[in-house]
Amino acid sequence: MATTKKPATKRGGSKTKKSAAKSTETTKAKRKKTGEVKTEGLKQTAETRKTKATKRAERPDALTTEAPAPVTDEIFAPDLDDEEYSSSEYEEMLGMYDETIGDIREGEVVKGKVMGVGRDEVIVDVGFKSEGVIPISEFSEPLNISVGDDVEVFLDAMEDQNGQLILSKQKADFMRVWDRIREAYEQGATVDGRLMRRIKGGLVVDLFGVEAFLPGSQVALRQVPDFESLIGEVYPMKIIKLNKSRRNIVVSRRAVLEEERESMRADLLQEIAVDQVRTGIVKNITDFGVFIDLGGVDGLLHITDMSWGRIRHPSEMVNVGDEIDVKVLDYDPKSTRISLGLKQLTPYPWEDVEQKYPVGSTVSGRVVSITDYGAFVELEKGVEGLVHISEMSWTQHIKHPSKLMQVGDTIEAMVLNVDAEHQKISLGIKQLEPDPWSTVEQRYPVGTRHEGKVRNLTAFGAFVELEEGIDGLVHISDMSWTRRVQHPSEIMKKGDVIPVIVMHVDAENRKISLGHKQVFDDPWPNYHEQFRVGNEKEGPIVRMLDRGVVVELDGEVEGFVPVNQLGKPDLEKPEDAFKTGETLKMRVIEFDPSNRRIVLSVDAFYRDKDKAELDEFIAQHETTTTQMGEALADAAEAKAEEREEAKAEEKEKAKAEAKEEAKAEEEPKAEALPTESTESAPSTPSTPSTEPPSPSEEAPATPEEEKPDEEDDTKSAS
């Protein structure tokens, strides 16, 4: 009897594990009632026959043209409870139905045939009343599946809620190779696995046709940056975890690599020796060096042993994964510590350096480092020279080498000194040009007049640039004939172009003295009549000094007024009575052209004037000391008043305390009297006591006692 096949469109729906489990329980319950199961089979057989008969009658090539007899359920699906069928006929019919179903049981691997291949599923017939549907993802090579292929599948359950078989290709593959996998796991044997695809946390491996899990930490000895590059590769692995019930297989490639490394490590430690040249792979890069894998053992290649020249970081020379040759510099068998060298494989560059770079020769190199004191120039790999900041320019005042050059620039320099023993070479840049100071005396003779730009101001003078790199100093005393300059900014400012006279040239020490006032004629010989003694002058105060004030007179000439000539006999400091900018009326009392000195006096000016003018002048210039004295006197007087008030309060307080003590002494006497007398004593209102105060009461202070306080007040007022 042919197996009933339902259209593929009606298959399909719920194939989840939850539905399969529910279907399995339902099927087991039905199997307990054999009669009901077989009855259902007969009904389905009747339905099949009915469908075939209907289709046969509808074919155009039917033998008869008469209308086909109607097909009814009574013909093809007789009622099993009808008495027309005997028990023997019923048993015979059930036997015929059992012959059409193969002998299959749940939980076994069975053979089946591919009946159809869809986009997401494969239909497999295992000889049961219905086919099973397997997700196409369970097949390792879905493209190679075709209709008619024989496959082995695992029967999970007879029926699901749709009446379909629950089959699994992966479980069948797992059961088929389980014994082989378990044996490899128990023996610790190495198996080959092909990396299939990447998943979260690792990779899926094809192991004997089943899927195993390779964690990312077990792929290699070091972290692999790109797992995708390993897809499709076959590697030896070890099974490190196994669970049959969950079909969980975990493998490790790292375990195989660690065993290989230990074997190589043992062989390497037996044959390694100092001065050997070995090949290794760059394993890790740090700031201080590189770790090299020599084949099971790591060695350190320090940054100082990588190059004879200067490098800032090891990554400038090597990258992780590079294969390089290194020399064994040191080996400690106890700690298995290995020191490696790379520069030792090349010749020492400082040999015969005096012949390669003789003193006085011009060389070319690349700037590799800049410091505050100079720049290091690489002449060749491992050989560097220093250009000191003082050897960079004849004339410029360079504050930092970066003003002239940058790292990476190629420059020319002259060799000044070579010290091969200490690996030092001194270089100079300014020596490539002639020294301008060697001819400065011819270009700037003493007494010649020039113009220069004020480049810098200091407290003692101004530096004036005569030409690029050639500066001269104008001292503060050589800036003005008539003024006593306190700072150069009073006469000039930075950037001004001023005329100067060359006063002295010192080419050896690279110094030129200049003068600014010497450009003009000395006016003092013409001041005899203008500032004759006795002449009256008027001018503002321009500067305060402890010993007097400086005033400005006609023609920007400065004069000096001593503090004892300011018209204030009690004046100690000029700023106590005068202010800068205030105009004074004075008389010349001294004129000294040789020392360029003019002394004036306010006292001499008011000496032959009316007394009213002098009083008005004094009133306008009250000293700060007098005002402070008046303020102190007022403060002392206020303090004395406060003390008087405090004394009065203390006296009142003392009197009150004395009265309280007197009452306290009278109370015991009252208690000693008989009770009757106490009760008979009439109550009288309290009146002020006219008796003299008790000894404990404080008497008023006498004038003699208050005298010391008055003296204190006098002292505080003074």
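Participant: Please clarify how the environment of valine 177 should be interpreted in this entry.
Facilitator: Within the secondary structure, valine 177 is located in helix H5 (residues 169-187). When the C-alpha positions of valine 177 and valine 210 are compared, they lie 8.0 Å apart, and in sequence the two are 33 residues distant.

Participant: Help me understand the confidence of the model for the protein, please; the structure alone is not making it clear to me.
Facilitator: Low-pLDDT portions of the prediction should not be read for the details of their coordinates. Here the protein averages 75 in pLDDT, and 74% of its residues register 70 or above. Taken together, the stretch residues 26-39 has pLDDT below 50 and engages in twelve contacts with residues farther than four places along the chain or on a different chain.

Participant: What is the right way to read a negative patch on the surface from this model?
Facilitator: Together, Glu641, Glu642, Glu644, Glu645, Glu649 and Glu650 line one region of the surface with negative charge. Looking at where glutamate 650 falls in the secondary structure, it is placed in helix H11 (residues 624-672).

Participant: Looking at this structure, I do not really get the packing of aromatic side chains. What am I missing?
Facilitator: Any aromatic ring pair is given by two values, namely how distant the centres are and how the planes are angled relative to each other. In the structure shown here, the tally under the stated rule is seven aromatic pairs. Aromatic side chains phenylalanine 288 and phenylalanine 291 sit 6.3 Å apart centroid to centroid with 85 degrees between the ring planes, which places their arrangement in the edge-to-face category. Seen in terms of ring centroids, phenylalanine 578 and phenylalanine 617 are 6.2 Å apart; in terms of plane orientation they differ by 40 degrees. Their pairing is tilted. Taken as a pair, phenylalanine 578 in the loop between strand S28 (557-562) and strand S29 (583-592) and phenylalanine 617 in helix H10 (residues 611-620) lie far apart in primary sequence, 39 residues in all. Both residues of the pair, phenylalanine 578 and phenylalanine 617, belong to the buried class. Each residue in the set Phe578, Phe605, Tyr606 and Phe617 is aromatic and connected to the rest through ring pairs, giving one cluster. Over the ring of tyrosine 235 we find arginine 253; its NZ or CZ atom is 4.1 Å from the centre of that ring. Over the aromatic face of phenylalanine 605 sits the side chain of lysine 609, whose NZ or CZ is 4.3 Å from the ring centroid.

Participant: Before we go on, may I ask you to explain H5 in this structure?
Facilitator: For an α-helix, 3.6 residues make a turn, and residues three or four places apart therefore share a direction. When the terminal C-alpha atoms of H5 are compared, their 28 Å separation across 19 residues agrees well with the 27 Å that a helix rising 1.5 Å per residue should span. Maximal helix bending in H5 amounts to about 55 degrees, located at valine 177. Glycine 188 sits one or two positions beyond H5 and adopts a positive phi of about 70 degrees.

What counts, and at which threshold
Residues numbered from 1 in each chain as written. Predicted model: local features only at pLDDT ≥ 70, side-chain atom pairs only at ≥ 80, totals over all residues. Heavy atoms only, no water. Helix = DSSP H or I, 4+ residues; strand = E, 2+ residues; numbered from the N terminus. pLDDT = per-residue confidence, 0-100. Contact = heavy atoms within 4.5 Å. Patch = residues over 30% accessible without salt bridge, like charges linked within 9 Å, V, L, I, M, F, W, Y side chains within 5 Å. Areas by Shrake-Rupley, 256 points an atom, 1.4 Å probe, with all protein chains shown as cover. Salt bridge = Lys/Arg side-chain N within 4 Å of Asp/Glu carboxyl O. Lys, Arg positive; Asp, Glu negative; His and termini not counted. Charge placed at Lys NZ, Arg CZ, Asp CG, Glu CD. Phe/Tyr/Trp six-rings, centres within 6.5 Å; stacked < 30°, edge-to-face > 60°. Buried < 20%, exposed > 50% of the residue type's maximum accessible area, 1.4 Å probe, protein only. Lys NZ or Arg CZ within 6 Å of the ring centre and 35° of its normal. Expected span 1.5 Å × (residues − 1). Bend = angle between axes of the 7 residues up to and from the residue.

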